[in-house]
Amino acid sequence: MGREITGGEFQQTDFDRFAERLRAETETLRGHFAHERFSRRHGVGGYELEAWLVDGANQPAPVNESFMARMPSETVTPELARFNFELNSTPLAVTDDALGRMHDELAANWQRCSEAARELDASPVMVGILPTVTDAMLGLANMSPRTRFQALNEQILRARRDRPISLDIQGAEFLHTEHQDVMLEAATTSFQVHLQVAPERAARYYNAAMVLSGPMVGVSANSPFLFGKRLWRETRVPLFEQAVAAGGFGDAAFGPVKRVTFGNGYVRRSLLEVFEENLAHYPVLLPVDLDEDDPATLPHLRLHNGTLWRWNRPLLGFDDDGKPHLRIEHRVIPAGPSVVDTMANAALFYGLAHALAEQAEAPEAGLEFATARENFYKAAKHGLEARLVWLDGRHWPLRELLRERLLPAAREGLADQGCAAGDVERFMGIIGERVRTAQTGAAWQIAYTSTHGRDMAGLVGAYRQRQDSGAPVHEWSV
């Protein structure tokens, strides 16, 4: 979905042609799995960071076109709204000093973002949901001028048979609103961690990512407010699921088969199962003519997969030599609160994914899928205060689970991959202090408004000041 498209108006023949190409490319993918044609590179990490632009009054600044013109084209891409953008990383093998190098690259790119935004009297902010964004701002007038976004909006509404998008979130407070477009999605900004995996280990890592989704979203929660209402600790989760509320074929379009989803079960043998599910259960959303693309890159299959937003999404990519590879995109983490917090979140995932996937018993054997899914929504709602079921069948307070089980496992997982001891201690130490103080980004925002009131512009200003200091969130004062 990161590529621009040409032509946004489609006929039934376009859908039929795309579906035919999708079926053929899925069959080609089956051959890749059957004949072991995938790259064997393993443990290569990367990320995408979505962020906001705000003006001097801490309101969303719809200037991303001018902002991106001032940034290296390979570093930054537009997002759905004119006040959002995305930073991309250089893939690195998760070993040696890679964690430190990832941090330094992000810090340098974030500094470039600050300098470019300053020329526009704006500032970048990394946060799951910007507290000052309002319902009225999330309209088509603030949609980024890209054909793919306009087409996405039209086709989501077509899939919904032009029914308005209804948002109902019950948290500490209740929010209801309706929209005639998909711009509600623009209020959600994520830190998406990528991990390239060897084909024979891909199923284990994919299932481990789902098992880890609850603890990861709880320890990184940073989205407690939307439109002035205090909702979930990670309100981005229900917001995104409802903002793109379209489903599968026929009656399933308004049933349990959703395009934004935690998933329908663990993978049993290989990631091919997910791509086969894409073909069998989800109608084509963007039937773009990709016949000029290299058919070896399976462009229709990859575009279709990009219109399905699983919280853990398998990706098909290609190495520099053209060989196909498999990646897992872990999408549960919100943006922010700081550069070093962001890298600590990535390091925690890389360490835990390795530890769980490489243990003797498959992690999914110890936790039913329905329980892993329930853990995810509990942690999104309650953050570090959640109680989750773990592999031992015990109900754990999340802070205790992190302290007693997950942080030690993550340290071991990173050490086993050969990560520099100093980096492991630095980033796991940050997670440990966040757990000790119980101060996630969400907890800090709630504490700040409890002290100073719900002045959302003041909240964003204080958040920006602390973010710009470079200090991890557990050190932020209220």
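Above this text sits the structure in question.
Keep in mind it's a predicted model, so treat the numbers as computed, not measured.

Applying the stated criterion across every chain, the model contains 18 aromatic pairs. Each ring, one from W52 and one from F83, has its centre 5.6 Å from the other, and the planes form 5°; the classification is stacked. Remark: F83 occurs in the loop between β2 (76–78) and β3 (84–88) and W52 occurs in strand β1 (residues 44–54); sequence separation between them is 31 residues. For the residue pair W52 and F83, the accessibility class agrees, reading buried in each case. Centroid distance Y463 to W476: 5.2 Å. Interplanar angle 90°. Geometry classified as edge-to-face. Here the residue Y463 occupies a position in helix α14 (residues 456–469), and W476 occupies one in the segment after α14, the gap between them amounting to 13 residues. The buried category is assigned to W476, whose relative accessible area is 5%.

A few words on the pairing of β1. Within β1, 11 of the 11 residues are buried, leaving the element largely enclosed by the surrounding structure. Side chains of β1 alternate between two faces, with V44, G46, E48, E50, W52 and V54 and G45, Y47, L49, A51 and L53 buried alike. Both β1 and strand β8 (residues 191–197) contribute to a ladder of six bridges, which runs antiparallel. Bridging from a neighbouring strand, V44 pairs with Q196 of β8. In terms of strand pairing, β1 meets strand β4 (residues 92–93) through two bridges, oriented antiparallel. Each residue of the ladder has a partner; that of G45, found in β4, is L92. Pairing of β1 with β3 involves five bridges; the strand directions are antiparallel. When the sheet's bridge partners are listed, E50 is paired in β3 with E86.

Turning our attention to helix α7 (residues 272–281). Considered for burial, the residues of α7 that qualify are L272, E273, V274, F275, E277 and N278. Contacts from the buried residues of α7 go to α1 (12–34), α5 (202–220), α8 (299–306), β12 (309–310) and β13 (312–318).

Turning next to unusual backbone geometry. Geometrically, the link from G336 to P337 is a cis peptide bond, its omega value of 0° lying close to zero. If you trace the backbone, P337 turns up in the loop between β14 (324–330) and α9 (339–357). One non-glycine residue, E36, adopts positive backbone phi at about 50°. Structurally, E36 is set in the loop between α1 and β1. For E36, a relative accessible area of 68% corresponds to the exposed category. Even without a glycine there, the phi angle at L298 is positive, about 50°. Within the element layout of this structure, L298 appears in the loop between α7 and α8. For L298, a relative accessible area of 1% gives the class buried.

This next bit is on the pattern of salt bridges. Taken as a whole, this structure holds 22 salt bridges when the rule is applied. Measuring nitrogen to oxygen at the nearest pair gives 2.8 Å for the salt bridge that ties E234 to R236. Note on E234: relative accessible area 0%, which makes it buried. Classification of R236 as buried rests on a relative accessible area of 1%.

Rules used throughout
- For every chain, the first residue of its written sequence is number 1, and the numbers climb from 1 along that sequence.
- The model is predicted, so local features are restricted to residues of pLDDT at least 70 and side-chain atom pairs to those at 80 or more, both for listing and for counting; the totals for chains, interfaces and linings are taken over all residues.
- Here the side-chain values reflect all heavy atoms present in the structure, with hydrogen atoms and water set aside.
- What counts as a ring pair is set by centres within 6.5 Å for rings of Phe, Tyr and Trp (its six-membered ring), and what kind of pair is set by the plane angle: stacked under 30 degrees, edge-to-face over 60, tilted for all other angles.
- Helix numbers and strand numbers start at the N terminus; a helix is a DSSP run of H or I with at least 4 residues, a strand a run of E with at least 2.
- Only protein chains enter the accessibility calculation, which uses a 1.4 Å probe; a residue whose area is less than 20% of its type maximum is buried, one above 50% is exposed, and one in between is partly exposed.
- Any two strands between which DSSP finds at least two bridges are classified as paired.
- The contact criterion used is simple: two residues touch if any of their non-hydrogen atoms lie within 4.5 Å.
- Should a side-chain nitrogen of Lys or Arg be within 4 Å of a carboxyl oxygen of Asp or Glu, the pair is scored as a salt bridge.

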